[in-house]
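# Descriptive analysis of the structure
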Amino acid sequence: MILSEFGIKRPVTVLMIFIGITIIGLVAVVNLNIDLFPDMSFPIIAVMTEYTGVGPAEVESMVSKPVESAVSMVRNVKNVRSTSKEGSSLVMVEFDWGTDVDAAAIDVREKIDLIKRYLPDGVDNPIIVKFDPALMPIMVIGVSSARSVAELRQYANDNLKDRIARIPGVASVTVQGGQDREIHVNIDRTRLEALGLSFDQVSLALMASNLNLPGGHLKTGNLDFLIRTPGQYRSVDQIAGTVIGNRGGTPIYLRDIARVEDSFAELDSETKLNGQRSVVLAVQKQSGSNTVEVSNRIRARLKDLEREIPSDIKLGRAFDSSDFIRGSISSLEREALLGGLLAVVIILLFLRNFSSTVIISISIPFSIIATFILLYFRNMTLNIMTLGGLALGVGRLVDDSIVVLENIYRHREDGLGPREAALAGSDQVAMAVLAATITTIVVFLPIAFVSGIAGVLFRPMAYTVSFSLIGSYFVSMMLIPLLTTRFMRVERHCEGQPADCGPVQRLLLTFGEWFDLLDGVYQRIVGWAIRHKRRVVLATLAIVAATALLVWPFKLVDTEFIPKSDEGEFRLDLTMPVGTSFRQTGMVMQRIEDIIRRDVPEATSVYTVFGEGEGMRKVMAGSGPNFGELQVKLPPRSQRRRSVDRIIDELRPAIAAIPDAKVLFTSGGLLSMVLSFGSGGALAVDIQGYDLATGSKLAQQVSDIMATVKGTKDIDISRKEGMPELQVVIDRDKAGALGLSVYQIAGAIETAFKGKTATRFRDDRFGKEYDVVVRLREQDRSRLPDLRNLSVISPAGQLVSVANVAAIVKAFGPVDIGRKNQQRIITVSANASGRAIGSINEELSAKLAKLSIPEGFTIEVGGSAKDMAESFRSLFFAMLLAVVLVYMVLAAQFESLMDPFVIMFSVPLGIVGVIWGLFLTGVNFSVIAFIGVIMLIGIVVSNAILLVDYTNVLRRRGNELHEAVVRAGRTR
């Protein structure tokens, strides 16, 4: 009453308040960041450590285990996973969602500092990385040309990288693909041995000849001269002319034993865009900057660059995260706008009053604009969750205003004046509207206690709906009564012959007749229900029982974590047999590209990467000469006939026919990647146990069982076996007798076959430095005898063949060794296709329960199925808490324990409608649907509140219970 009376008595003040709110809200929405997801940091920290030249088993025992033990002592650690590969260790520390990742990173760094001194010599300083979404590139720009990829990389580094990096909002630009310039010192083995020189002598000579050293000061008279000795190489010819030894007074130059070439690093990875060899620029944005705005600036800069760069160089966007953000936000905006328009149309049809419809329509933008202000001051973004909350709440926003205005309208029809009707009408429903608004807000309160990714994602939605409802309440109680006194007209409906009415009036007249007919039917149904209470109760119980059968035991409504969405892209991950050459992998990738070009005419871009990879991909993703990745981008769903899943299903047979090629498909892009991050895929079975052979055998059995479950696709075993090795087993006694150490022999082999960077050559033309790599020429390092016959110089100056002090053994070892919570682990994962995760997981768990598990091993089902179970459990408790809180609010509102009990009976019947709706439409029950159920509790209860409250009002006026119930139902 106070709010409505204030609005009517102080109209100018109220109008100024709402106009001010509108202006501030418009300013706020302009300054709100637009992103795909709410601001969140993944609760994952990676510890990356390099230990060059060491196999997976040694990396596991000497690096991964100590790091795991250290980080496991940090608070709130949920899981610790590690992957030990040749020369590198990756330890992933997963925390509970909601953990302060910045503080956790400091704790992890402190624990790592404590153990660094105990790590073996040769281990690089561990790198600690937080998994902030900002680490993912927002755009990947392809640079294509008929030029060589080495030239392209050089051009991208010199002319494109820095110009894009200077764009406001861009944090860094990384050039990937192509080849870096290198100075190769290809040694002729025969000449080296003939002169009795070693690789170390060559490397030390190069290092000692490439120095700029200070010489102090020369002070003479009044002058002080700085003495410098500039000895750095200025040309490749100077490198070739380096003196590396002396024989009988004759200097030995590097060119006498080696060919010095200004060349490029060996090609071990390749990037292609739309079939053309390319390099790419991976662009990362600054944390907190607007993804869409940064993308717009980059696009504008690319247009400028295209006019300035040579015509034979083409720029193209291989990936742009803003595309999906734009599409998602635009879609939500359209849905929210359409929902608002439909709400206005329904209001017009039911009220059949233009002035009332206009007044009600004003409440929607005011409530939304007020919400933008609250979002801005809470540092929230416009994303699919906050906009989704607004879209969900549009219909609910007008409820309060409709109730207030309709009650005022009825008082106007009864003959009261505008002011009296506004006061009486708003006063009569004020407490009911307040209770309905509070109950809907209270319903979302428990979401603040939901744990896991569901809580992180849906908390902003709950805030948004709550903010909008608060705005809606104040609009309904302050602005609506004021506007009715000024603008609402009690209109006479068109009566008489329809021909005397306009087209809109005829439509409203027809709808009014239908509504009167429906009103009559409703009265009869309610009257019959009241007279036959037992039948109604029994029928209701029967419906509830039938609904329960849909869920259990028949399980006709299936479950899934997050509904699949068509994001307009998919990815193929290729794995060739271990030992496959880089060149052979490239041929297979070319064949897959040809199939894509032939069978997917919808594709707008095809981005291919294979080989070792660079940057984070080399550490995080599958990389090596036998790995490849292909990403296909498609136009929006409205512009193509086939869905992404259908395209993938139609591609499978052609790609499966490629010999030895194992291809895993992943539908979706950024959205799917983020929602499934850390879950290991749709389905994942973790096998824990120490013995490698037993674990591999058990993993194969699990894989075979998984293949028998309908709906599983792209089954993969994480541990890859069969890495061919040549192990140089040194006889320490023989080596020691000749004065050779293991380090000397291993160092000579590394320099001869892998190559060693002896120094850096500075090219003043570009202001850059390039590696000078010393190794044997190709013809001296391409056969097994070249390894056996490699000579090492002993301290006595003797040439000792490797075969004399070591045995060359062929062996096979694991490519990598995975661990979880300090236990070795193998993960068998799969994608789901054509069937919901819930039923697949249930069948798989039943079959795995029959599997005989060796002693010392355990099996755990994880993946999205595990995340789904955890989220459902958390949301279920949130729903129960919401029901309890709603009941408490109602009991306080009605000063009664019985009336709220009656109102709460509407909740299970609302859920019955949800289950049947999902069953009839073939939609699975997901966390999104669960949030809808929680919101439905507030909506159902708010409707019941108005019905029961008005029934009580009529009873107090002396109406008999039967009449009061029927009349309250008709009115509300």
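Our structure's up above, just so we're on the same page.
The paragraphs below set out a description of the structure included in this document. (Residues numbered from 1 in each chain as written. Predicted model: local features only at pLDDT ≥ 70, side-chain atom pairs only at ≥ 80, totals over all residues. Heavy atoms only, no water.)

## Side note on the overall build of the protein chain
When you go through the protein chain residue by residue, the secondary structure sums to 32 helices and 30 strands. Projected onto the principal axes, the alpha-carbon positions of the protein chain cover approximately 125 × 80 × 55 Å. The buried share among the 972 residues of the protein chain stands at 49%. Put simply, the protein chain shows about 46600 Å² of open surface, and 58% of that area lies on carbon and sulfur atoms. (Helix = DSSP H or I, 4+ residues; strand = E, 2+ residues; numbered from the N terminus. Buried < 20%, exposed > 50% of the residue type's maximum accessible area, 1.4 Å probe, protein only. Areas by Shrake-Rupley, 256 points an atom, 1.4 Å probe, with all protein chains shown as cover.)

## Re the packing of helix α16 (residues 503-531) against helix α32 (residues 961-971)
Interhelical geometry of α16 versus α32 gives an angle of 145° and a closest axis separation of 10 Å. Crossing of α16 over α32 shows right-handed handedness. Contacts between α16 and α32 involve Asp 519, Tyr 522, Gln 523, Val 526, Gly 527, Ile 530 and Arg 531 from the former and His 962, Val 965, Val 966, Gly 969 and Arg 970 from the latter. Looking at side-chain class alone, the contact of α16 with α32 contains five nonpolar, four polar and three charged residues. (Axes fitted to C-alpha atoms, helices over the stretch in contact; angles between N-to-C directions. Left-handed = near helix turned anticlockwise from the far one by under 90°. Contact = heavy atoms within 4.5 Å. Nonpolar A, V, L, I, M, F, W, Y, C, P; charged D, E, K, R; others polar.)

## Describing the environment of Met 478
For Met 478, the location among the structural elements is in helix α15 (residues 452-487). Residues Met 478 and Leu 3 lie 475 residues apart in sequence; the distance between their C-alpha atoms is 5.5 Å. Among all residues touching Met 478, those that are not within four sequence positions of it are Leu 3, Phe 6, Gly 7, Val 14 and Phe 18.

## Quick look at the pattern of salt bridges
When the charged atoms of two side chains lie near each other, side chains of opposite charge can form a pair. Evaluation of the coordinates by the stated rule reveals 47 salt bridges. One salt bridge in this structure joins Glu 60 and Arg 819, with 3.2 Å as the shortest N-O distance. Here Glu 60 is found in helix α3 (residues 56-71), whereas its partner Arg 819 is found in strand β28 (residues 816-820), with 759 residues between them in sequence. Summarising the burial analysis for this pair, Glu 60 and Arg 819 share the class buried. Across the pair Lys 116 and Asp 113 runs a salt bridge whose closest N-O atoms are separated by 3.3 Å. The exposure class assigned to Lys 116 is partly exposed, which follows from its relative accessible area of 31%. (Salt bridge = Lys/Arg side-chain N within 4 Å of Asp/Glu carboxyl O.)

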